[in-house]
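Architecture at a glance
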Amino acid sequence: GEETWEKLRLQAGVQDSFLTFEVYKDEITMQLVDKACKILGVPADTVLREFGEYFFEFCKRSGYDHMLRTLGGNLYEFIENLDALHSYLSLSYQEMNAPSFRVEKNEDGSMHLHYYSDRRGLCHIVPGIISAAALDFFNIEISMEIVNQTEEEERTGKKEHIVFLVTQTPVFSYKERNEFSSSPQNLADSEKQIENQLNKEDLEKNKNTIRDRGSSVCPAKKSHWKTIRGIITLGKGKLLRGFDPVYPKSLWIDTKTFCNGLPFHMVFDKELRVKQAGVSIQKIVPGLQTMGICLDHYFSIVHPEVPFTISSIQKFINSQFVFQTRREMMPESWKHRPMLKLRGQMIWMESLQCMLYLCSPLLRTLHELEERQMHIADIAPHDVTRDLILLNQQRLAEMELSNQLERKKEELRILSKHLEEEKKKTEALLYAMLPQHVANQLKEGKRVEAGEFQECTILFSDVVTFTNICAQCEPIQIVLMLNSMYLQFDRLTTVHDVYKVETIGDAYMVVGGVPVPVPTHAERVANFALGMIIAATGVQNPVSGNPIQIRVGIHTGPVLAGVVGEKMPRYCLFGDTVNIASRMESHGVPSKIHLSSSTYQCLKYKNFEMTERGEIEVKGKGKMHTYFLIRNKTATENEIMGRPMKDLDSGHESVTQTQPEKDQTPAIAMKYIDGPADAQNSLKRRNQAKTADLTGI
């Protein structure tokens, strides 16, 4: 899944995307495999085998399905032609370092698959790929086990040599499996029995068709391979699968025509002495006109990477061979041209004890043809290399466009990712200035309507003797002091989920229950105030060096809230509640939390310890009955400050008595229970407080 891949990618330290035409180091692959083993808890061979199965499906989805299906009619032919497929793909993917395969049939029906590679540690991918291909293309299940693993020093490349024993079992239907699984002998002979039975049935059907209608018809719903087997040669009365070729008594072609018709071919004996060569290869390598010269003096073997001996060539005779001319043996005119490569097949002629190399120039593009000062006319008309060069020229152009598109897509993806990160930063900054729902409305170009809140709790605070401190300090000292204090206050707004309205100088204003109404607004602001007192003791007065003192005032009541202005818009609160809260702060006492009677009524039954201050004269409001908040009876200091809980916290000590620590840990939100009943009770208590103020009780 995506989450596991992301975890794996981060641990391996690799990028999150890979380009199709980019070459990556094997260290990245091995790092991913190693981390996958640790995360998934499985061995490396299992991871690689699963990857091999997935890679086969990936190749099919990537457009190589038909190409893979047509490699061979059975598993042996499929594996035998894998090198040819890699050779074709190397025309487009020039830096591809593909492995090499050689397969041998055994008498018991099993096979030995020889795997050669320069890339050590990846051999377990092979069983995954071959097993998936065998099941998908040929409907057989195979088992593969390593029977030999060596390092071949005599090879010029791909020195890792691993031999797999491949055994195969046909996949039957449920009925066939029951019918043929009664004995071990039946298991071994089941495939042969099925084939014989099908041949008999097809033969009988065709005989009936010929007798009844005088012509042959293919039965409906018959698979392709059954149909082919069922075709009968009427003249001889036997299946085409028993075809025997007919050869002429003598070869009806003269030597000159043969060398002209196959301009790129060579015949050499066991000692690698050249016996015959095509006219075009003679033209390019004039040394071949001297019969009897040694072939390895003029050419080196590029693929397969084996020594240039007749025994090595016979061992890999089913592989495509790529020869490259040796620069020191080429004419003077070739000194500054790229060397010519030839690609073709080897055919051993037993009667002559010689090897025939039928080949063509290995050229990918017209540019490579021009570099070697060759022409299309140098290649025989029947040789598809002509078409391959022209087609590959077009394919390479398409691949270059595809590569550019892929790179642009990757650049856009990275830009989009960066844009998303910047957008999140911008939104975080915006949400720090305005409530989220208000900010979203402004982003959408909507007008934000002012809202009335029936009940909320507002807090004001300021620094005692702030004017005197400013008169005796440098401006930077004042800034540092306020920043240190406000950082801790801002952290507390997260802990108690209250909204910071604004700061003006040393004044700090927050509100609970706005912009999102909550019944526990008074409790949140009260706990926030207790946290402010604790935090202030950790901020140093730059004049005296002692902890600063703050006054805090709180009032509960209705407000009107809305956005004011277009440039630097602010979410502001209006109403008499704001004025009274400000008066509670200005008429407060240093290091005390001054409460109005309405806030007192909200907190009266909420596990807070409060003391009565009595009746005081409030500017613009007359006489008011006020209180001081002392502590929270149940919450610990760590809970109020948003720190991790400690076993030593008692919850019964006054939270204002302990010296605070600098909070480096993320803020832990304090839990509050908000219910509908709380809102109704809160309104009831506020009405009681109003009555108490009016009657003077």
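Just so we're clear, the structure is a prediction, and the values are computed from it rather than from any experiment. Position numbers for residues count from 1 along each chain, tracking the sequence in the order it is written. Only residues with pLDDT of 70 or above have their local features reported here, since the model is predicted, and side-chain atom pairs are shown and tallied only from 80 upward, although totals for entire chains, interfaces and linings are computed over all residues. Computation of side-chain values covers all heavy atoms of the structure but excludes hydrogens and water.

With that settled, consider the pairing of strand E17 (residues 570-574). Along a regular strand, successive side chains alternate from one face of the sheet to the other. Relative accessible area decides the class of each residue, using a 1.4 Å probe on protein chains only: under 20% of the type maximum gives buried, over 50% gives exposed, and in between gives partly exposed. Counting from the N terminus, the helices are the DSSP runs of H or I reaching at least four residues and the strands are the DSSP runs of E reaching at least two. Where burial is concerned, the two faces of E17 differ: the one with Tyr571 and Leu573 is buried and the one with Arg570, Cys572 and Phe574 is not. One ladder, built from 5 bridges, connects strand E16 (residues 550-564) with E17; its direction is antiparallel. Directly across from Val564, in E17, lies its bridge partner Arg570. If DSSP finds at least two bridges between two strands, the strands pair. Taken together, E16 and the strand that follows it, E17, pair antiparallel across an intervening segment of 5 residues, in which Gly565 is found at a positive phi of about 90 degrees.

The next subject is the packing of helix H3 (residues 44-69) against helix H6 (residues 125-138). Viewed as axis vectors pointing N to C, H3 and H6 meet at an angle of 50 degrees, and their least axial separation amounts to 7 Å. Classified by the angle between their axes, H3 and H6 sit oblique to one another. When the axes of H3 and H6 are compared, the crossing they make is right-handed. Across the interface between the two elements, Leu48, Arg49, Phe51, Gly52, Glu53, Phe55, Phe56, Glu57, Lys60, Asp65, Leu68 and Arg69 from H3 touch Ile125, Pro127, Gly128, Ile129, Ser131, Ala132, Ala133, Asp136 and Phe137 from H6. A class-by-class count of the residues in the contact of H3 with H6 yields 11 nonpolar, 3 polar and 7 charged. Convention adopted: a line fitted to C-alpha atoms gives each axis, helices being fitted over their contacting stretch, and angles between N-to-C directions are expressed from 0 to 180 degrees. Reported orientations rely on four angle classes, namely roughly parallel under 35 degrees, roughly antiparallel over 145, roughly perpendicular from 65 to 115, and oblique for the rest. The hand of a helix crossing depends on one turn: near helix anticlockwise from the far one by less than a right angle means left-handed, and clockwise means right-handed. In this description, contact between two residues means that some pair of their heavy atoms is separated by no more than 4.5 Å. Put simply, Ala, Val, Leu, Ile, Met, Phe, Trp, Tyr, Cys and Pro go in the nonpolar bin, Asp, Glu, Lys and Arg in the charged bin, and everything else, Gly too, in the polar bin.

UniProt positions are given in the numbering used here, feature names are shortened, and annotations may be inferred rather than shown by experiment. Taking the UniProt record as the reference, the feature "coiled-coil region" (unreviewed entry) is found at residues 391-429. In residues 391-429, the share of helix is 100% and the share of strand is 0%. The end C-alpha atoms are 57 Å apart.

Let us now look at the sheet that holds strand E8 (residues 274-277). Overall, antiparallel pairing links the 6 strands, which are arranged E8-E7-E12-E11-E10-E9 in an open sheet. Since the sheet does not close on itself, it has two edges, and those belong to E8 and strand E9 (299-303), each with one partner. Across this sheet, the average inter-strand angle for adjacent strands is 30 degrees, counted without regard to direction.

Okay, the confidence of the model for the protein next. Confidence of the predictor in every single residue is expressed as pLDDT, which spans 0 to 100. Averaged over all residues, the pLDDT of the protein is 82; the fraction at 70 or higher stands at 83%. Considering only residues more than four positions removed or in separate chains, one finds that residues 209-222, a stretch of pLDDT under 50, has 12 contacts. The low-confidence segment residues 647-662, where pLDDT is below 50, has 36 contacts with residues more than four positions distant or belonging to other chains.

So, about the pattern of salt bridges. Each salt bridge in this description consists of a side-chain nitrogen of Lys or Arg and a carboxyl oxygen of Asp or Glu lying within 4 Å of one another. For the structure on display, the rule yields 28 salt bridges. The partner of Glu444 in a salt bridge is Lys446, and the shortest N-O contact between them spans 3.1 Å.

Here a pair means two rings of Phe, Tyr or Trp (six-membered ring of Trp) with centres within 6.5 Å. Their orientation is stacked below 30 degrees between planes, edge-to-face above 60, and tilted elsewhere. Taken as a whole, this structure holds 19 aromatic pairs when the rule is applied. Consider the rings of Tyr54 and Phe58, whose centres lie 6.5 Å apart with planes at 25 degrees: the pair is stacked. Of this pair, Tyr54 and Phe58 both sit in helix H3, separated by 4 residues, roughly a single helical turn. Phe58 sits in the partly exposed class, given a relative accessible area of 39%. Look at Tyr486 and Tyr508: their rings are 5.3 Å apart centre to centre, the planes differ by 40 degrees, and that puts the pair in the tilted class. Note that Tyr486 is positioned in helix H17 (residues 475-496) and Tyr508 in strand E15 (residues 507-512), a separation of 22 residues in sequence. The class of Tyr508 is buried, set by a relative accessible area of 0%. The structure contains a cluster of three or more aromatic residues connected by ring pairs, namely Phe51, Tyr54, Phe55 and Phe58. By definition here, charges over rings are those cases where NZ of Lys or CZ of Arg is within 6 Å of the ring centre and within 35 degrees of the ring normal. A cation sits over an aromatic face here: Lys592 above Phe628, 5.9 Å from the ring centre.

Turning to the sheet that holds strand E4 (residues 160-170), a few remarks are in order. Across the sheet, 4 strands lie side by side as E1-E2-E4-E3; this open sheet has antiparallel pairing. Unpaired on one side and paired on the other, strand E1 (100-105) and strand E3 (140-151) mark the two borders of the sheet. On average, adjacent strands in this sheet sit at an angle of 25 degrees to one another, irrespective of strand direction. Its contacts with the sheet place H6 against E1, strand E2 (111-117), E3 and E4, and it is angled at close to 155 degrees to E3.

Orientation of helix H14 (residues 385-433) relative to helix H15 (residues 436-443), taken along the N-to-C sense of each, is 120 degrees, at an axis distance of 8 Å. Our classification of the angle between H14 and H15 gives oblique. Between H14 and H15 lies a crossing of right-handed hand. Across from Glu427, Leu430 and Tyr431 in H14, the residues of H15 making contact are Gln436, Ala439, Asn440 and Lys443. Split into classes, the residues belonging to the contact of H14 with H15 amount to 3 nonpolar, 2 polar and 2 charged.

Here we take up the environment of Arg273. Assignment of secondary structure puts Arg273 in the loop between strand E7 (265-269) and E8. When sequence neighbours within four positions are dropped, the list of residues in contact with Arg273 reads Val267, Phe268, Gly292 and Ile293.

Our next topic: unusual backbone geometry. A cis amide bond, omega -10 degrees, links His303 with the succeeding residue Pro304. Structurally, Pro304 is set in the loop between E9 and helix H12 (310-315). Omega for the peptide link from Val514 to Pro515 comes to 0 degrees, which places this bond in the cis form. Secondary-structure assignment places Pro515 in the loop between E15 and helix H18 (521-536). Even without being glycine, Asn139 reaches a positive phi, approximately 55 degrees. One can find Asn139 in the loop between H6 and E3.

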